[in-house]
Amino acid sequence: MQDFNYSMLCDYYELTMGNGYFKTGMKDKLCYFDLFFRRVPDGGGFAICCGLSQIIDYIKDLHFDEDDIDFLRSKGTFDEGFLSYLRNFHFSGDIYAVPEGTVVFPNEPLITVRAPAIEAQLIETFLLLVINHQSLIATKSNRIVRASEGRAVSEFGSRRAHGADAAIYGARAAGIGGASSTACTIVDQKFGFPATGTMAHSWVQMFDDEYEAFKAYCKCYPDNVTLLVDTYNVLESGIPNAIRVFNSFLKPNGYRPKGIRIDSGDITYLSKKARQMLDDAGYPDCKIIASNSLDEYIIRDMIHQGAKIDLFGVGERLITSTSCPVFGGVYKLCATEENGDVVPKIKISENVAKVTTPHFKKFYRLYDRESGKAIADQLCVYDEKIDDTRELVIFDPDYTWKKKTLRGFIAKQMQVPIFIGGELVYNEPSFDEIRSYCASQVDSLWDEIKRFENPHRYYVDLSKKLWTIKNQLLAERK
């Protein structure tokens, strides 16, 4: 696989703007950008932010090689002074972000960048592509896991992913979202997310008959036998031959089968019949695994119809989030600095959803002190602090007469510093710690927010100070 310098993985306009900032004397102008999204995928009630680890690695390695400089010079567009600047380029700014696995909602700053203009602009594409992809897959994975109602979900999607990075980081994101394992070996090697797998149909086809194929596999892996039983006929061939080999080889040698997998047909019906056959043969502990183009809706229906499935293997509809393949994150300027003062900036559009919230911001999540459940989020100006020892009135930023007075709550600031002055200040948690954190985040939500259809809209409000600043800017731009 070719080794790319990801500093060059940027939209060309980021370089032309950078060159323009350099020529106009604005290269050191401090500015603030927010990365946020506008809609939850699949019409869900929340999303899961993922991808920070890859962004950290990217920021630490930001540089331009001589080959990069020569290529840019060949375009005939860029000032020599700008190219010399790129030769010594490194990130010197600040980055604040929500930790990986955080439950997030539309219009909240998942990442805030404070940096000189060129630096802040050049990292736009990579930050977006990482957060957009991995948050999409983590969110989809969590939907599938929740639909499975406590049954394990294994990520099976590498061969259907949109390239190597999508397979690797998509599987990692699926694990953060709640999947229990992956079929992707390198993800286990690099991140410790356990890889599992046994056989494909080709193993069965290699032998003269199905029984001999099963017996050969049992001899190779007697303590970890899961047999694929749908190569020919699940009920007339696959299950009977599996039971036969369990009886003739595994049981006499002191082993128990781990499971059987069904990958085609009416899996709900077949699983019920298979369960009865296995139980009658004395193998109630033999698990039944289902795969074949599954998603949260199919899994939910299968369970409601009484399917006897212990584990779901989910591939293409997870790794590509087929039903909603775009997360829709954006990266927008929200402020600049003038003589040490933060100057808010706003983007206005006739499409109301595209009007940005200005200023250098932070946001708090407000938790009920008794239940621990999340009540609402509030976006504030950077110098505001919520005092959770006093009551707080929150209001809908669009329908301001809709107000709620909160008492007995805990306020938690959601973003944490990642880079300060270009130096990494964040202690990255382990993969397992991120998974546990994500599970606790989802658990902090009321069930109404977790509905697949018509979920309750979680409140994301603006502080009065921030709301006033936004509306003043809107009034000035009319």
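Just so it is clear, the structure is predicted and the values come from calculations on it, not from any experiment.

Examining the overall build of the chain
Across its full length, the chain holds 16 helices and 21 strands. Across the 478 residues of the chain, 51% fall into the buried class. Put simply, of all contacts in the chain between residues at least 6 apart along the chain, 73% involve residues at least 24 apart. Surface accessibility of the chain: about 21900 Å² in total, with carbon and sulfur atoms responsible for 49%.

A few points about the sheet that holds strand 18 (residues 409-413)
Judged by pairing direction, the sheet is mixed, and its four strands sit side by side in the order 18-14-15-21 without closing on themselves. The open sheet terminates on both sides in strands that have one partner only, identified here as strand 18 and strand 21 (459-462). Sheet twist, expressed as the average angle between the axes of neighbouring strands with direction ignored, equals 25 degrees. One ladder, built from four bridges, connects strand 15 (residues 374-381) with strand 21; its direction is parallel. Each residue of the ladder has a partner; that of Asp 377, found in strand 21, is Val 460.

A look at the nonpolar core
Judged by nonpolar contacts, the single largest core of 128 residues is most densely connected at Leu 86, Val 113, Leu 227, Phe 246 and Ile 260. Beyond its immediate stretch of four places on either side in the chain, Ile 260 contacts Thr 226, Leu 227, Val 229, Ile 239, Ala 242, Phe 246, Ala 274, Leu 278, Cys 286, Lys 287, Ile 288 and Ile 289. Leu 366, Ala 376, Phe 409 and Ala 411 belong to the second largest nonpolar core, which has eleven residues in total.

A closer look at the sheet that holds strand 3 (residues 94-97)
In space, the seven strands of this open sheet follow the order 13-12-1-5-3-19-20, with antiparallel pairing throughout. Edge strands, defined here as strands with exactly one partner in the open sheet, are strand 13 (341-344) and strand 20 (423-424). Judged from the six bridges that link them, strand 1 (residues 30-37) and strand 5 (residues 111-116) form a sheet pairing that is antiparallel. In the strand pairing of strand 5, Cys 31 is matched with Ala 115. Strand contacts of helix 2 (residues 52-60): strand 3, strand 5, strand 19 (416-420) and strand 20, with the helix running at about 15 degrees to strand 19, the strand carrying the most contacts.

Observations concerning the pattern of salt bridges
Note on pairing: side chains with opposite charge can pair once their charged atoms come close. Within this structure, the stated rule accounts for 26 salt bridges. Note that Arg 172 is salt-bridged to Glu 100, the shortest N-O span being 2.9 Å. Within this pair, whereas Arg 172 is found in helix 7 (residues 164-177), its partner Glu 100 is found in the loop between strand 3 and strand 4 (103-104), the two being separated by 72 residues in sequence. The pair formed by Arg 172 and Glu 100 is uniform in burial state, with each residue classed as buried. Residue Asp 447 is joined to Lys 450 by a salt bridge in which the shortest nitrogen-to-oxygen separation is 3.9 Å. The exposure class assigned to Asp 447 is exposed, which follows from its relative accessible area of 57%.

Details of the pairing of strand 15
The buried fraction of strand 15 is high, at eight of eight residues. Pairing of strand 14 (residues 361-368) with strand 15, which is carried by seven bridges, proceeds in the antiparallel orientation. Note that in strand 15 the partner of Tyr 367 across the bridge is Ala 374. Taking the residues between adjacent antiparallel strands as the criterion, strand 14 and strand 15 are bridged by five residues, where Gly 372 takes a positive phi near 80 degrees.

Structural notes on a negative patch on the surface
Together, Asp 57, Asp 61, Asp 65, Asp 67 and Glu 428 give the surface a local cluster of negative charge. Along the chain, Asp 67 turns up in helix 3 (residues 66-74).

Considerations on unusual backbone geometry
Positive phi is not limited to glycine here, since Asp 42 has a value of about 60 degrees. Along the chain, Asp 42 turns up in the loop between strand 1 and strand 2 (47-48). Its identity is not glycine, yet Ser 321 carries a phi of approximately 45 degrees, on the positive side. Assignment of secondary structure puts Ser 321 in the loop between helix 14 (316-319) and strand 12 (329-338).

A word on the side chain of Ser 141
Structurally, Ser 141 is set in helix 6 (residues 124-147). Those residues in contact with Ser 141, other than ones at most four positions away along the chain, are Ala 174, Gly 177, Gly 178, Ala 179 and Leu 318.

Describing the packing of helix 7 against helix 15 (residues 431-443)
Any two packed helices are characterised by how steeply their axes cross, that is the angle between the axes, and by the distance between the axes. One can describe the packing of helix 7 onto helix 15 by two numbers: an axis separation of 7 Å at closest approach and a directional angle of 50 degrees. Relative to helix 15, the element helix 7 lies oblique. Taking contact as the criterion, the partners of Arg 172, Gly 175, Ile 176 and Gly 177 in helix 7 are, on helix 15, Phe 431, Ile 434, Arg 435 and Cys 438. Of the residues in the contact of helix 7 with helix 15, the class split is four nonpolar, two polar and two charged.

Quick look at helix 11 (residues 234-250)
With 17 residues, helix 11 extends just 20 Å between its outermost C-alpha atoms, more than 12% less than the 24 Å of an ideal straight helix rising 1.5 Å per residue. Among the residues making up helix 11, those that are buried are Val 234, Ser 237, Gly 238, Ile 239, Asn 241, Ala 242, Ile 243, Val 245, Phe 246, Phe 249 and Leu 250.

Remarks on the side chain of Glu 124
Structurally, the position occupied by Glu 124 is in helix 6. Salt bridges are absent for the buried Glu 124, whose nearest opposite-charge side chain, Lys 332, sits at 6.5 Å. Leaving out residues up to four positions away in the same chain, Glu 124 has contacts with Tyr 13, Glu 14 and Tyr 331.

Quick word on the packing of aromatic side chains
Remark: the centre distance and the inter-plane angle together describe each pair of aromatic rings, the angle taken between the planes. Summed over all chains, the structure comprises 25 aromatic pairs. Taking 4.7 Å as the distance between ring centres and 10 degrees as the angle between the ring planes, the aromatic pair formed by Phe 33 and Tyr 331 counts as stacked. Of the two residues, Phe 33 is situated in strand 1 and Tyr 331 in strand 12; the sequence distance between them amounts to 298 residues. For the pair shown, Phe 33 and Tyr 331 are each scored as buried. Each ring, one from Trp 203 and one from Tyr 217, has its centre 5.5 Å from the other, and the planes form 90 degrees; the classification is edge-to-face. Of this pair, Trp 203 sits in helix 9 (residues 201-206) while Tyr 217 sits in helix 10 (residues 210-220), and the two are 14 residues apart along the sequence. Exposure remark for Tyr 217: the relative accessible area of 4% places this residue in the buried category. Grouped by ring-pair contacts, the aromatic residues Tyr 12, Phe 22, Phe 64, Phe 78, Phe 82, Tyr 85 and Phe 89 constitute a single cluster. The ring of Phe 191 has Arg 172 lying over it, and the distance from NZ or CZ to the ring centre is 5.4 Å. The ring of Tyr 211 carries the charged tip of Arg 244 above its face, separated from the ring centre by 3.7 Å.

Cut-offs and rules
Residues numbered from 1 in each chain as written. Predicted model: local features only at pLDDT ≥ 70, side-chain atom pairs only at ≥ 80, totals over all residues. Heavy atoms only, no water. Helix = DSSP H or I, 4+ residues; strand = E, 2+ residues; numbered from the N terminus. Buried < 20%, exposed > 50% of the residue type's maximum accessible area, 1.4 Å probe, protein only. Contact = heavy atoms within 4.5 Å. Areas by Shrake-Rupley, 256 points an atom, 1.4 Å probe, with all protein chains shown as cover. Pairing = 2+ DSSP bridges. Axes fitted to C-alpha atoms, helices over the stretch in contact; angles between N-to-C directions. Core = buried A, V, L, I, M, F, W, Y, C linked by side-chain atoms within 4.5 Å. Salt bridge = Lys/Arg side-chain N within 4 Å of Asp/Glu carboxyl O. Patch = residues over 30% accessible without salt bridge, like charges linked within 9 Å, V, L, I, M, F, W, Y side chains within 5 Å. Lys, Arg positive; Asp, Glu negative; His and termini not counted. Charge placed at Lys NZ, Arg CZ, Asp CG, Glu CD. Parallel < 35°, antiparallel > 145°, perpendicular 65-115°, else oblique. Nonpolar A, V, L, I, M, F, W, Y, C, P; charged D, E, K, R; others polar. Expected span 1.5 Å × (residues − 1). Phe/Tyr/Trp six-rings, centres within 6.5 Å; stacked < 30°, edge-to-face > 60°. Lys NZ or Arg CZ within 6 Å of the ring centre and 35° of its normal.

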